[in-house]
Amino acid sequence: MENMKALVLTEYNNLQYCDVPPPDVGPREVLLQVKACGICGSDVHGLDGSTGRRRPPVIMGHEAAGVIVDLGAEVREWNKGQRVTFDSTIYCGRCGFCRAGQINLCDNRRVLGVSCEEYRRDGAFAQYVALPQRILYRLPDELSFEHASMVEPLSVAVHAVNITDISLGDVAVVIGTGMVGLLVVQVLRAAGCGRIIAVDLDRGRLDLAQRLGADVGLPAGEVDVPSEVLQLTGGRGADVVVEVAGLTATVKMAVASVRKGGQLTLVGNLSPQVELPLQAVVTRELTLRGSCASRGDYPVCLNMLGRGVIDVAPLISAVAPLADGAAWFKRLHEGDEGLMKVVLQP
């Protein structure tokens, strides 16, 4: 195969749409012709080097779908022409965590499109990408490539809700209604929560959260959120809080909003360290759990997308050619108001 087109981070803050050699395909890998790849927030943060996990030169991109065009010599489960997506986590399948099904905790975990101190793995902002066969998932016929590219962020939301002990009719609070938060709102509704309260600084996002299943939207900059939650729950507090920001202020807000004996699931990690109201956690016997990526959640995610249980169309702000990717990255990096997910097509 001749060279392919790719969007390459050649140096920090510099994306080039250029010709690069196609990836080598290992014996247990497939070659995917990429049809759609979403720009993740981690890619945007990686643009300027702030995460340390997108060291140039690298092809970023891990939220994608496409068509298998070539097979490694030992691939038996897949055929050319199949429409697939893939888990962004490349797990080893051999360590104790993988054998226990906890692939998101794999000791040898790698993520597509990440270049850091430990490893470098080019991603899907390209015409083609090589993928281990074990991370592939077939797409429902009714699901478009653009919507299928949303399965990775949806899997993060589904995993967070799956590891939270939810009972029918529970009151849930979602703090942070960005991409994953808006998906969490929809998944909580599908899981049987009776009342969902969305919290954000942005009124536009709160309006969208209510369109997608939240019963109440609380503007965090204008009201005292824990007081409002207590008022809405007869002084009891929420049964479940899913925190999708990851800042000291929002974690404290989450602790103050949950009822005694309630649950707090932490998804956001904008700050590597936060202050925790330890006494409140201990004396009110709260359950805190972290939620990392996903594990085995793709089949249910694809099923819900295919059946329309989860609506991702309102979350996709633009679908654009990969050739225009640098300009869209710039807009996202500068915080262009109203932009949510941008999907690029090679």
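Q: Looking at this structure, how should I read a nonpolar patch on the surface?
A: Together, Leu276, Leu278, Val282 and Leu288 make up a nonpolar patch on the protein surface, roughly 340 Å² of accessible area in all. As for its placement among the helices and strands, leucine 276 is situated in the loop between β17 (258-266) and α9 (278-283). On the basis of relative accessible area, leucine 276 is assigned to the partly exposed category, the value being 39%.

Q: Which parts of the structure should I look at to understand the sheet that holds strand β13 (residues 171-175)?
A: Strand pairing in a sheet takes place through backbone hydrogen bonds and is either antiparallel or parallel in direction. With respect to topology, 6 strands assemble into an open sheet ordered β15-β14-β13-β16-β17-β18, the strand pairing being parallel. This sheet does not close on itself; its edge strands, each paired only once, are β15 (216-219) and β18 (287-290). This sheet shows a mean twist of 20° between the axes of neighbouring strands, independent of strand direction. Bridge count between strand β16 (residues 238-243) and β17: 5 bridges; the pairing is parallel. Bridging across to β17, valine 242 finds its partner in threonine 265.

Q: What's the story with the packing of helix α4 (residues 151-162) against helix α10 (residues 298-307) in this structure? I'm lost.
A: To characterise two packed helices, one gives the angle between the axes of the helices and the distance between these axes. The N-to-C vectors of α4 and α10 enclose an angle of 110°; their axes lie 9 Å apart at closest approach. Classed by the angle they form, the pair α4 and α10 counts as roughly perpendicular. Every pair of crossing elements has a handedness; the one defined by α4 and α10 is right-handed. Together, Val151, Glu152, Leu154, Ser155 and Val158 of α4 and Tyr298, Val300, Cys301, Leu302, Met304 and Leu305 of α10 make up the contact between the two elements. For the contact of α4 with α10, the per-class residue count stands at 9 nonpolar, 1 polar and 1 charged.

Q: Sorry, what's going on with unusual backbone geometry here?
A: Trans peptide bonds make up most of the peptide bonds, and negative phi angles are found at most residues other than glycine. With an omega of -5°, the peptide bond between proline 56 and proline 57 qualifies as cis. Mapping proline 57 onto the fold places it in the loop between α1 (41-46) and β4 (58-59). Unlike most non-glycine residues, asparagine 13 shows phi in positive territory, near 65°. With respect to the secondary-structure elements, asparagine 13 resides in the loop between β1 (4-11) and β2 (14-20). Non-glycine residue glutamate 285 carries a positive phi angle of around 50°. You can call glutamate 285 exposed: its relative accessible area is 64%.

About the criteria used
Residues numbered from 1 in each chain as written. Predicted model: local features only at pLDDT ≥ 70, side-chain atom pairs only at ≥ 80, totals over all residues. Heavy atoms only, no water. Patch = residues over 30% accessible without salt bridge, like charges linked within 9 Å, V, L, I, M, F, W, Y side chains within 5 Å. Areas by Shrake-Rupley, 256 points an atom, 1.4 Å probe, with all protein chains shown as cover. Salt bridge = Lys/Arg side-chain N within 4 Å of Asp/Glu carboxyl O. Helix = DSSP H or I, 4+ residues; strand = E, 2+ residues; numbered from the N terminus. Buried < 20%, exposed > 50% of the residue type's maximum accessible area, 1.4 Å probe, protein only. Pairing = 2+ DSSP bridges. Axes fitted to C-alpha atoms, helices over the stretch in contact; angles between N-to-C directions. Parallel < 35°, antiparallel > 145°, perpendicular 65-115°, else oblique. Left-handed = near helix turned anticlockwise from the far one by under 90°. Contact = heavy atoms within 4.5 Å. Nonpolar A, V, L, I, M, F, W, Y, C, P; charged D, E, K, R; others polar.

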